[in-house]
Amino acid sequence: MTQSAAPNERRQSVPVRVGNVQVGGGAPIVVQSMTNTDTADVNATVGQVAALARAGSEIVRITVDREEAAAAVPHIKERLLKMNVDVPLVGDFHYIGHTLLGNHPGCAEALDKYRINPGNVGFGKKKDTQFSSIVEMAIKHNKPVRIGANWGSLDQELLTKLMDENTASANPMDARAVTREAMVQSALISGARAEEIGLPRDKIILSAKVSAQDLIAVYLELGRRSNYAIHLGLTEAGMGSKGIVASSAALGVLMQQGIGDTIRISLTPEPGGDRTLEVKVAQELLQTMGFRVFVPLVAACPGCGRTTSTTFQELARDIQGFIHDSMPAWKTQYPGVEALNVAVMGCIVNGPGESKHADIGISLPGTGETPAAPVFIDGKKSVTLRGPTVAADFKKMVIDYIERRYGAGARQTAAE
């Protein structure tokens with residue numbers, strides 16, 4: 001087998017600074033999210049931005065849709081900074097962004113990036129004027145801009161022009177292919193127009209959001225034709241497992257091809273659901289594919305007829321929950337702990353082998369097996385646990401391993 005078990009080389013893009021975060025230019029793929037609060041409600045928005053940032057979102061987008069929302073932005077930024085939450089804020093503008101930024105210079109300054117949609121920034125003769133107004137505002141305040149084309153609000157003038165040209169062509173494409181081309185051109189033409197106005201390329205990020213298969217085709221073409229930094233995201237992903245699968249499938253293919261500098265997993269939340277789920281999914285996707293490392297991995301077998309006991313499931317859940325709850329403190333106390341791999345396996349078939357591949361792993365007895373649980377550390381059998389305290393004993397061994405490998409003593413030894 002000669003095929004490499006690794007993603008394609010990352011596409012070279014122009015780096016863009018969004019607040020204190022670099023997007024593109026070889027920087028790690030950045031995780032983004034978006035609030036769903038009324039931005040005019042300062043308390044609610046501050047609370048959700050802080051929660052998203054604590055969950056690991058490195059950039060957070062907020063809706064700026066009317067005067068009250070624009071007026072609230074400086075207060076939101078101020079409150080967050082007082083809480084030591086210095087996550088970059090992106091203002092999401094549609095239709096009247098030029099007016100809001102002009103009427104609220106405090107908003108224009110407080111935001112770290114502006115997001116505009118070339119499909120609804122203006123219509124007819126107003127389009128160029130209003131687009132130029134937002135770009136000029138970005139230049140004035142030294143802010144980057146994401147120009148985000150969207151399947152649901154595509155520039156109709158451009159689409160009609162391309163459809164007419166396609167009809168007159170000797171070899172016409174199908175309508176869907178023409179629409180994809182319109183998406184690509186909308187983003188690229190808008191990026192070029194922003195540069196003509198005076199916004200440098202290192203202040204421009206492009207996106208083009210559509211459904212899964214079309215998304216892959218559009219972004220591959222967008223990446224081929226330009227070196228702008230690219231934001232990946234799937235529009236209308238959906239709720240629950242459907243949304244997670246759709247986003248992961250499309251974005252995973254693109255990142256494997258080297259496309260993408262920042263991602264957002266757009267999930268429709270359950271009523272009253274946890275908004276931070278989209279951050280967790282984005283992190284898990286990046287970590288599963290080997291692009292980033294955020295938290296220790298807990299590997300566990302799926303279970304079968306050999307694992308009728310729920311012991312391994314409960315232990316895997318407890319270890320994973322313990323790690324998740326401990327990570328905020330561990331990041332400071334144990335630098336590098338996010339690279340830890342733990343295995344909790346349920347029977348003798350794959351348990352010992354999988355446990356040996358982890359940094360620390362346990363192979364619990366399956367149905368009818370001897371009630372003993374060998375523990376493997378760094379690929380070697382360390383001890384066999386027995387009795388009703390197996391779970392507690394293994395948890396203590398994990399803590400001891402972390403202290404020994406990532407604690408102050410380990411760092412001191414490495415420095416000597």
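Structure report, in brief. (Residues numbered from 1 in each chain as written. Predicted model: local features only at pLDDT ≥ 70, side-chain atom pairs only at ≥ 80, totals over all residues. Heavy atoms only, no water.)

**Considering the pattern of salt bridges**
When the charged atoms of two side chains lie near each other, side chains of opposite charge can form a pair.
And then number 1: Using the criterion set out here, one finds 24 salt bridges in the structure.
And then number 2: Its salt-bridge partner being Arg176, residue Asp214 comes within 2.6 Å of it at the nearest N-O pair. You can see Asp214 sitting in helix α8 (residues 212-225) and its partner Arg176 sitting in helix α7 (residues 175-197), a full 38 residues away along the chain.
And then number 3: You can call Arg176 partly exposed: its relative accessible area is 43%.
And then number 4: The closest approach of N and O atoms between Glu278 and Arg264, which form a salt bridge, is 3.1 Å. Of the two residues, Glu278 sits in helix α10 (residues 277-288) while Arg264 sits in strand β10 (residues 262-264), which places them 14 residues apart along the sequence. Summarising the burial analysis for this pair, Glu278 and Arg264 share the class buried.
And then number 5: Several salt bridges converge on common partners, so that one network encompasses Asp38, Asp65, Arg66 and Glu68. (Salt bridge = Lys/Arg side-chain N within 4 Å of Asp/Glu carboxyl O. Helix = DSSP H or I, 4+ residues; strand = E, 2+ residues; numbered from the N terminus. Buried < 20%, exposed > 50% of the residue type's maximum accessible area, 1.4 Å probe, protein only.)

**Description of the sheet that holds strand β5 (residues 89-92)**
And then number 1: Here eight strands make up a closed barrel; going around it, the order is β3-β4-β5-β6-β7-β8-β9-β10 and the pairing parallel. For this sheet, the mean angle separating the axes of adjacent strands, direction not counted, is 25 degrees.
And then number 2: The pairing of strand β7 (residues 145-150) with strand β8 (residues 204-209) spans six bridges and is classified as parallel. Bridging across to β8, Ala149 finds its partner in Ala208.
And then number 3: Contacting β6 (113-116) and β7, helix α5 (residues 126-141) crosses the sheet at an angle of about 170 degrees to β6.
And then number 4: The strands touched by α10 are β3 (30-34) and β10; relative to β3, the strand with the most contacts, the crossing angle is about 160 degrees. (Pairing = 2+ DSSP bridges. Axes fitted to C-alpha atoms, helices over the stretch in contact; angles between N-to-C directions. Contact = heavy atoms within 4.5 Å.)

**Focus: the layout of surface pockets**
And then number 1: By volume, the largest pocket is sized at about 730 Å³.
And then number 2: In terms of lining, the largest pocket is formed by 25 residues, of which the most central are Ala55, Lys280, Gln283, Val295 and His324.
And then number 3: Counting only elements with at least two residues in the lining of the largest pocket, the list comes to α1 (42-55), α10, β11 (297-300) and α11 (311-333). (1 Å grid on protein atoms, 1.4 Å probe; cavity = no way out; pocket = protein on both sides within 12 Å on 5 of 7 lines; lining within 4 Å. Points joined across faces, edges and corners; volume = space filled by probe spheres on them.)

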